[in-house]
Amino acid sequence: MYGLLPSVSLRSTAPLTEGSQEWLREQFLDGGDDRLQTLLRVTEQHLGVVFEVELVLDAGVAHTAAALHDHDVLGLVDVENRHAGDRGAGTASSRVGHIVGADDQSHVGLRELRVDLIKIHELLVGHVGLGQQHVHVARHTACDRVNGVGDFHAVALEQFAEVGELALGLSLSQTEAGHEDDLLRVDELNGQICQLSASEVGMTTSSADGKMVFKQLDPETKDWGKETPVSSRAWNILPGNDVYAYFFMDNGNIFSERRDTGEVEKVVDWMACDVDSNTINSDRFGFLSDGRIVAVTYEYADNGPSKQQILVLNRVDAASVQTKTELTLACLYLDYNLRSQIVRFNKTNPDYRIVVKDYSEYATDDDSNAGLTKLNTEIISGNVPDIIANETGLPLAQYASKGLLEDLWPYIDADPEYSRDKLMAQPLNAAQTEGKLYRLPLDFGVTTAVGLGKVVGEYTTWTLADVNDALSKLPEGATVFNKYYTQAEMLQYCVAMNADSFMNWQDGTCSFDSDEFRALLEFVKPFPTDYDWQSDSEDYESDYTSLKNGKQLLYPTSLSGFSDLYYTFAALNNDIRFVGFPREDGSSGNAFNASCTLSISTTCKDKSGAWAFIRSTLSDDYQKNLWNYPIVKSVFEAKAQEAMTQEYETDADGNQILDDDGNPIPISNGGMSYGDEPMIELYAVTQEQYDAVMALIDSTTSFVDYDQNVLSIISDEAAGYFAGSKTVEEASKLIQSRVGLYMQEQK
C-alpha cells in the first residue's frame, strides 16, 4: 500500500472557489487517511479540472516489487502486498456500470453510472509492507531500504482521530526512544488500523475465537476497548451511514453490512463501470450526498509521471449503453492482472464484454467453500459459464472429464499470431490432459525444493530414502524444511504437486493404495501437527541461513522470476541444486504453477469471442507486466535478456568508471534481505543461473492441481496414521476407497 506524501507545490489550470488551492491541498491532499470526509465534500464544479501535483519521492520500490511479493509456493492463495504498479488502466471512459446505492434500501433496480474524472500527475512515493523481507531500490545505498513495518498506518491512525497522550511512535513495530511505556503494542495484533465511525478508531483483527472483529482504541485508558464483530472479508473498513454499518473493499468491489439485517452485500461493482479497482486503495472512495460515487485511483508508469485520478460516477439512462455480446467469466477470486485486462478488453472491444461472476463472494464465515458449492450446483443444473478463470481452487480436471471444457489446442493452432511454437512448450505440455489443453496458463512458475550442492548434489535419485540419508549427514536436530511447516501444510503441498500421479479423472480411477503414496505419507509424518508461535523465542533466521548453518536440508520455493533466481543463487553462495520433492518413481519432484489459467466451456455462447479475450492476455503489453515467467516465448526471452544485461557506472561523458583493480563497477539492481540478515545486492543474472532455471523448466512434467474435497478425504484418513492409531497401509486403503467413491460420484 502506498501512502502519498504531497509537497507544497500545487498548480491548477483553472480558478477554484470553494475548492481553492489551499482548500484542496489541506482538505484532500494533506488529509492523509482522513480522505473519506474530504471526498464527501467534493462538489460538481471540480469536475474536469486538471492538476499537476509534485510529491516527495520517499522510497520508490516499483522496480523491485515484482520480485518481492510474498507468494505462496504452490500458488494456492492470492498474493498479498500487491500494489498498483506497472498497471495502465488508461483514462476512464463513459462506460455504464451497476451499483446498488446506499439509499436503495429496498434494492429496487440497479443504478446506471457514468465515469467523469480529474487527472492528477505525480511522482511515485510510498511504503510497502514486506514482513521480514526488506528491499532497497536500484542506485540507492543499502541503508535506503524499505523496512517491512507499517509506518504509514501509524500516521493514518493519528490523522483519523485524536488519541490523547497515546503515542504510536514511528511505526507499528518500533518504539520511539523514551516512549516505550506510552506505546500501545499494536504490533502484537495482526490487523489493520481503520475507522468504524467518526468516534471509533481501532483495528480489524482476529478475536480469541478466530472471528474477525473491530477492536476499538480507548484513548483514555491507552488500551483496546470493545470488540465489534465484522465480516471475515472486511480487513480494512470505512465508516458507514444510516443504511450500512461500514464499507469495505474485497477482491476489487465495495461491500457493506446492512444495519437492519446484518447481511453483507455488494454495493459497487467497479468492473461493471469499467474502472480498474487495482488502482483504488481500499480506503480511497466515498459516497456523495446525491448518490454519486467518488474514488481516487493511482496508476504507476515506468517512464514519465505516474498519475492519480479522481473518478466521479454519475447515474445515466441504461438505454444509452452500447449493446455487446456478454460472456460470463466465473472464478474463485479474480486474478490481479486479469482484472486489469478485463477492464481494458471491455473498453476497447466493440463486440464483446466480459462479465465477471466471482463465486468467492458467496463464502461465509461458517463455510469458506460455499462459493465453490454454488458454482458446481449451477453447472449441474446446466448454467455453465462461458469462460472459467482459475488459480488452483476449481476442479478443472473434473469439469474436463465431464466434457464441459473445450480443447484449446485447435484455437492456438488456428490463431495467426500465437501458434504453439510462440508459447513456452514445457508448461503447456504439463498442463494438458491426454493430449488436450483444457486450460491455458497465462504465466508460470516452478514449485521445487532447493538444497546445497555439497549436501544433495551427489544423489542421482531423490526418494524418501535419499532424503533421510542426506538428513542424517546434517547436525543432530536438523529438519527437512524449516520448523514452521506443519503436517497439514506439507500434505497439501505433496498432494497438489502429485495429483495427476494418483488420480485420472478421464477414466475415474485413482491409485492411493500404492507404495508411492505411502512414501508420501511417510515423508509428511515427521512434520509437527502445529507450531507454537507463542513460545518461539528464537531470533528469526531465513531458510537460506538455516541451510548454510546445517539446520535444515531443503527450502521449498517457487521460482517465478529472474530476480528470484539471482537472489536464490546469491543467498546460497551459488551452491544450489533444484532437487524438488521426493518421488519414488524417479520422476521430477517439481511442478509448474500459474497465477491464472483460462478455459472455454463447451456450451460457451460465442467461442470466437471467448478466444478473442483469451488471446488478448497473450499480448506483449499484458505478458511483460506479469510477476511470474510469461507464457509467450518472445516475452520470456526478452525478460531473460534484460535480466542478464549488466549495467556499469559511468562518468559524465559516458565512459565506464573502473575500480582500483581496473575493473568496471557494476550497478546494483537493488537489494534484498530477510530479518536482520545482511543485504544482498542484485546484479545481472549469469549464464550459469539462466541455464539452471532452463534445465529446471525442461525437467518439469506436472502441473499443480488442487481439489479441496480430495484433500479433505486424505487429511481425514491420514490423521489416524499421523497420530499412530492406523498403519500407513490402513490409511492408504481407506483413502483409496473414499477417493475412488468420490470420483465415481462426480461422473
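Residues numbered from 1 in each chain as written. Predicted model: local features only at pLDDT ≥ 70, side-chain atom pairs only at ≥ 80, totals over all residues. Heavy atoms only, no water.

**Comments concerning a negative patch on the surface**
Inclusion rule: Note on patches: the residues involved have over 30% relative accessible area and no salt bridge, like charges join within 9 Å, and the nonpolar side chains Val, Leu, Ile, Met, Phe, Trp and Tyr join within 5 Å. Using a 1.4 Å probe, the Shrake-Rupley method yields the accessible areas, and only the shown protein chains count as cover for residues. Each reported salt bridge corresponds to a side-chain nitrogen of Lys or Arg within 4 Å of a carboxyl oxygen of Asp or Glu. The charge count includes Lys and Arg as positive and Asp and Glu as negative, but it does not include His or the ends of the chains. All charge positions are set by atom: Lys at NZ, Arg at CZ, Asp at CG, Glu at CD. Here a strand is any run of E in DSSP of at least two residues, a helix any run of H or I of at least four, and the numbering for each starts at the N terminus. Only protein chains enter the area calculation, which uses a 1.4 Å probe; residues under 20% of their type maximum are buried, those over 50% are exposed, and those in between are partly exposed.
A surface patch of like charges, here negative, comprises E516, E522, E584, E729 and E730. Looking at the secondary structure, you find E522 in helix α14 (residues 515–524). Accessibility expressed as a relative area gives 35% for E522, which makes it partly exposed.

**Thoughts on the packing of helix α16 (residues 562–571) against helix α20 (residues 687–699)**
Here is the rule: Angular values range over 0 to 180 degrees, each being the angle between N-to-C directions of two axes fitted as lines to C-alpha atoms, with helices fitted over their stretch in contact. Angles below 35 degrees are treated as roughly parallel, those above 145 as roughly antiparallel, those between 65 and 115 as roughly perpendicular, and all remaining angles as oblique. We call a crossing left-handed when the near helix sits turned anticlockwise from the far one by less than a right angle, and right-handed when that turn is clockwise. Contacts between residues were defined by any pair of non-hydrogen atoms, one from each residue, lying within 4.5 Å. Residues were grouped as follows: Ala, Val, Leu, Ile, Met, Phe, Trp, Tyr, Cys and Pro as nonpolar; Asp, Glu, Lys and Arg as charged; and all remaining residues, including Gly, as polar.
Relative orientation of the contacting elements α16 and α20 amounts to 110°, with a least axis distance of 10 Å. Our classification of the angle between α16 and α20 gives roughly perpendicular. For the element pair α16 and α20, the recorded crossing hand is right-handed. On α20, the residues touching F562, L565, Y566 and F569 of α16 are Q689, Y690, A692 and V693. Taken together, the residues of the contact of α16 with α20 sort by class into seven nonpolar, one polar and no charged.

**What to know about the nonpolar core**
Quick reminder of the rule: Here, nonpolar core refers to any group of buried Ala, Val, Leu, Ile, Met, Phe, Trp, Tyr and Cys residues whose side-chain atoms link them within 4.5 Å.
Core analysis: the largest hydrophobic core is formed by 126 residues, its most contacted members being L329, L338, L521 and F523. Listed in part, the 18 residues of the second largest apolar core include W270, C273, F287 and A295.

**Description of the sheet that holds strand β20 (residues 440–441)**
Quick reminder of the rule: For two strands to be treated as a pair, DSSP must find at least two bridges joining them.
Here we have five strands laid out as an open sheet, ordered β18-β17-β19-β27-β20, and mixed in their pairing. Where the open sheet ends on each side, the last strands, each with one partner, are β18 (352–358) and β20. Where strand β17 (residues 325–331) and strand β19 (residues 387–390) come together, two bridges link them in parallel fashion. If you follow A330 over to β19, its bridge partner there is I388. Strand contacts of helix α17 (residues 607–616): β17, β18, β19, β20 and β27 (597–600), with the helix running at about 170° to β27, the strand carrying the most contacts.

**A short note on α16**
Three or four residues apart is the spacing at which side chains of an α-helix point the same way, because the helix has 3.6 residues per turn. Burial analysis of α16 places eight of its 10 residues in the buried class, which makes it a mostly covered element. For α16, the complete set of buried residues consists of F562, D564, L565, Y566, Y567, T568, F569 and A571. Downstream of α16 by a residue or two, N573 has a phi angle that is positive, lying close to 55°.

**Description of helix α11 (residues 464–472)**
Selection rule: Note that the arc is defined by the directions from the helix axis to the C-beta atoms.
Every buried residue belonging to α11 is among L464, D466, V467 and A470, and all of these are buried. Viewed along the axis of α11, the buried residues span an arc of 160°, placing them on a single side of the element. Counted as exposed and oriented over 90 degrees from the buried face of α11: A465 and S472. Looking at the packing, one finds that the buried side of α11 touches α10 (453–456) and α14.

**Here we look at the sheet that holds strand β6 (residues 192–197)**
Taken together, the four strands give an open sheet; going across it, the order is β6-β7-β8-β9, and neighbouring strands pair in antiparallel fashion. Each having just a single partner strand, β6 and β9 (223–229) make up the two edges of the open sheet. Across the sheet, the mean angle from the axis of one strand to that of its neighbour is 40°, orientation sign disregarded. Across five bridges, strand β7 (residues 200–206) lies against strand β8 (residues 212–218) in antiparallel orientation.

**Some words on the pattern of salt bridges**
A pair can form between side chains of opposite charge whenever their charged atoms are brought close. All told, the structure shown has 26 salt bridges when counted by the stated rule. Residue D386 pairs with K605 through a salt bridge whose shortest N-O separation is 2.8 Å. Placement of D386 in the loop between α6 (370–380) and β19 and of K605 in the loop between β27 and α17 is noted, with a sequence separation of 219 residues between them. On the accessibility criterion, K605 (53% relative accessible area) is exposed. Where K624 meets D621, a salt bridge forms, and the shortest distance between an N and an O atom there is 3.7 Å. Looking at K624, the relative accessible area reads 46%, which means it is partly exposed. Each of the salt bridges in this network shares a partner with another, and the network as a whole consists of D513, D515, R518 and K733.

**Regarding the environment of G382**
Mapped onto the elements of the fold, G382 is located in the loop between α6 and β19. Sequence spacing of G382 and T603 is 221 residues, and the spatial spacing of their C-alpha atoms is 9.2 Å.

From the geometry alone we can't say anything about function, so treat these as descriptive.
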